[in-house]
Amino acid sequence: MNKIVTIERHIFEQQKHYPGATGTFTSLLYDLALAAKLISRETNRAGLANLIGATEGENVYGERQQKLDMFADEIIFKMNDHTGRLCAMASEEHDDILSIPPHYDTGKYVLLYDPLDGSSNIDVNVSIGTIWAIFRKVTSGAQGTMDDMLQPGHQLAAAGYIIYGSSTMMVYSTGHGVHGFTLDTSVGEFLLSHPDIRIPDQHKYYSVNHSYEKYWYSGVRRYVKWLQGLYGEGGKPLGNRYIGSLVADFHRNLLQGGVYLYPGDTRDENGYQGKLRLTFEAQALAYICRQAGGYASDGVGDILDLKPHNLHQRVPLFLGNRDLVLKAEKFIRENDKEWLNQYIPFRNGEAPKQKNGKKKKKEKATS
Ligand code: AHG
Ligand code: MN
Ligand code: MN
């Protein structure tokens, strides 16, 4: 029989990489795994428990919040607010930093999370996920501040995601490779199923929402044609797969090779910023991608080098095999001067601040 490694054992064994570790971090990761089990349980019985469907609320991006979004958001907060391991949290679903209640101790880490990623897929039984990222506190004082939240991704202490798919998996890295665990629902344990994940050199897929092609800048358009083997050297086309849940699209490409892109575009006055969130989505996946031998870019350079200037900042995202992502940067550099002129000041934090990057104009779907 092969060695059976629970997530608890694995996290504990990882501690040897950190001489002087107190176990705080280990416990923090374990609490996240426990939150994952609770969210997974609700995800699996969502239809039965009348949890499917939107609430009346809107989040800070003006999107309808789904009931499971709110459940996942609360579970993650409640699992972590009282442990004395964190000094603050931040969630995609809340405008501001979430403070640790005053009657609880605070600790030396901050947690940022997207409680439910791909929430438009909840109602239709398609894979969804959770994304989380942990930074060390860099300011003094007991409570965490915005400076603790807004750190470049290369300073992450750990990051991971949970995918609620045909099975539930937790994938994480603390900077020593990427490891995947599958939830055995019969015993309620995450068991090591994918040790030391490396993105395969062979590319299989590209993932993009093709319906936005009319909004793309010419470099992105040419790049996608190149992925299809229709431009430049005319290679073999990659398969196109797009679920519309970033976690699920990323997870597939991580295991099978390929590239995910959500570029900046022209769809409205903020379209050049892209859609995905730097702090709640891109940093964590960029970190995991890098740990697995891949690369993540905003179309200009390394996502992990970007220091966010806003908690809810958006970012264009190109994520996957290094050579494919570098090729995207090249197409953009050579063709998309107009986009670069808009984006670079925003990237540098010089563009006029727009609260939460909220979209102003809504376009009617073609009927
Ligand atoms: P969230 O559900 O956390 O708001 O994220 C949705 C994101 C991401 O998961 C997905 O890849 C992307 O939105 C899909 O956007 P489009 O529908 O514009 O393709
Ligand atoms: Mn998301
Ligand atoms: Mn979300």
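Note that this is a predicted model, so its numbers are computed, not measured.

**Q** Would you take a moment to explain the coordination of the manganese ion (ligand 3) for this structure?
**A** Angles at a metal have ideal values that depend on geometry: 109.5 degrees with four tetrahedral donors, 90 or 180 degrees with six octahedral donors. Looking at the manganese ion (ligand 3), the protein donor atoms are E92 (OE), D114 (OD) and L116 (O), and they sit 2.2 to 2.3 Å from it. One chain supplies every donor to the manganese ion (ligand 3), and in sequence these donors are spaced E-x21-D-x1-L. A separation of 3.7 Å is found between the manganese ion (ligand 3) and the manganese ion (ligand 2), which are bridged by D114. You can see E92 sitting in the loop between β3 (86-91) and β4 (98-99) and its partner D114 sitting in strand β5 (residues 109-117), a full 22 residues away along the chain.

**Q** Quick question: what am I supposed to make of the site of ligand 1 here?
**A** D117, N209, Y212, Y242 and Y262 are the nearest of the 19 residues found near ligand 1. D114 places a side-chain nitrogen or oxygen 3.1 Å from an oxygen atom of ligand 1. In this structure, S119 approaches ligand 1 through a main-chain N or O atom, which is 2.9 Å from an oxygen atom. Compared with its free state, where it exposes 470 Å², ligand 1 has 88% of that area covered by protein. Considering every element that reaches the shell around ligand 1, the biggest residue donor is β5, with three residues.

**Q** Got a minute to help me understand empty space enclosed by the protein in this structure?
**A** Rolled over the atoms, a probe with the dimensions of a water molecule shows which regions are left empty. For the coordinates displayed, the defined rule picks out one cavity of 30 Å³ or more. Estimated volume of the largest cavity: approximately 40 Å³. Lining the largest cavity, in full, are Y217, V220, P263, G264, P316, F318, I332, D336 and W339. Looking at the lining of the largest cavity residue by residue, the classes come out as seven nonpolar, one polar and one charged.

**Q** Teacher, can you tell me more about the packing of aromatic side chains here?
**A** The description of an aromatic ring pair uses the distance of the two centres, along with the angle that the planes make with each other. Under the defined criterion, the tally for this structure stands at 13 aromatic pairs. Relative to F181, the ring of Y172 lies with its centre 5.9 Å away and its plane at 20°, an arrangement referred to as stacked. When sorted by exposure, Y172 lands in the same class as F181, which is buried. The aromatic ring of Y212 is capped on one face by R267, whose charged end is 4.0 Å from the ring centroid.

About the thresholds
- Residues numbered from 1 in each chain as written.
- Chains lettered and ligands numbered in written order.
- Predicted model: local features only at pLDDT ≥ 70, side-chain atom pairs only at ≥ 80, totals over all residues.
- Heavy atoms only, no water.
- Donors = N, O, S within 2.8 Å, 3.2 Å for Na, K, Ca; no water.
- Helix = DSSP H or I, 4+ residues; strand = E, 2+ residues; numbered from the N terminus.
- Near = heavy atom within 4 Å.
- Polar contact = N/O pair within 3.5 Å; in protein donor to acceptor, adjacent residues only side chain to side chain.
- Areas by Shrake-Rupley, 256 points an atom, 1.4 Å probe, with all protein chains shown as cover.
- 1 Å grid on protein atoms, 1.4 Å probe; cavity = no way out; pocket = protein on both sides within 12 Å on 5 of 7 lines; lining within 4 Å.
- Points joined across faces, edges and corners; volume = space filled by probe spheres on them.
- Nonpolar A, V, L, I, M, F, W, Y, C, P; charged D, E, K, R; others polar.
- Phe/Tyr/Trp six-rings, centres within 6.5 Å; stacked < 30°, edge-to-face > 60°.
- Buried < 20%, exposed > 50% of the residue type's maximum accessible area, 1.4 Å probe, protein only.
- Lys NZ or Arg CZ within 6 Å of the ring centre and 35° of its normal.

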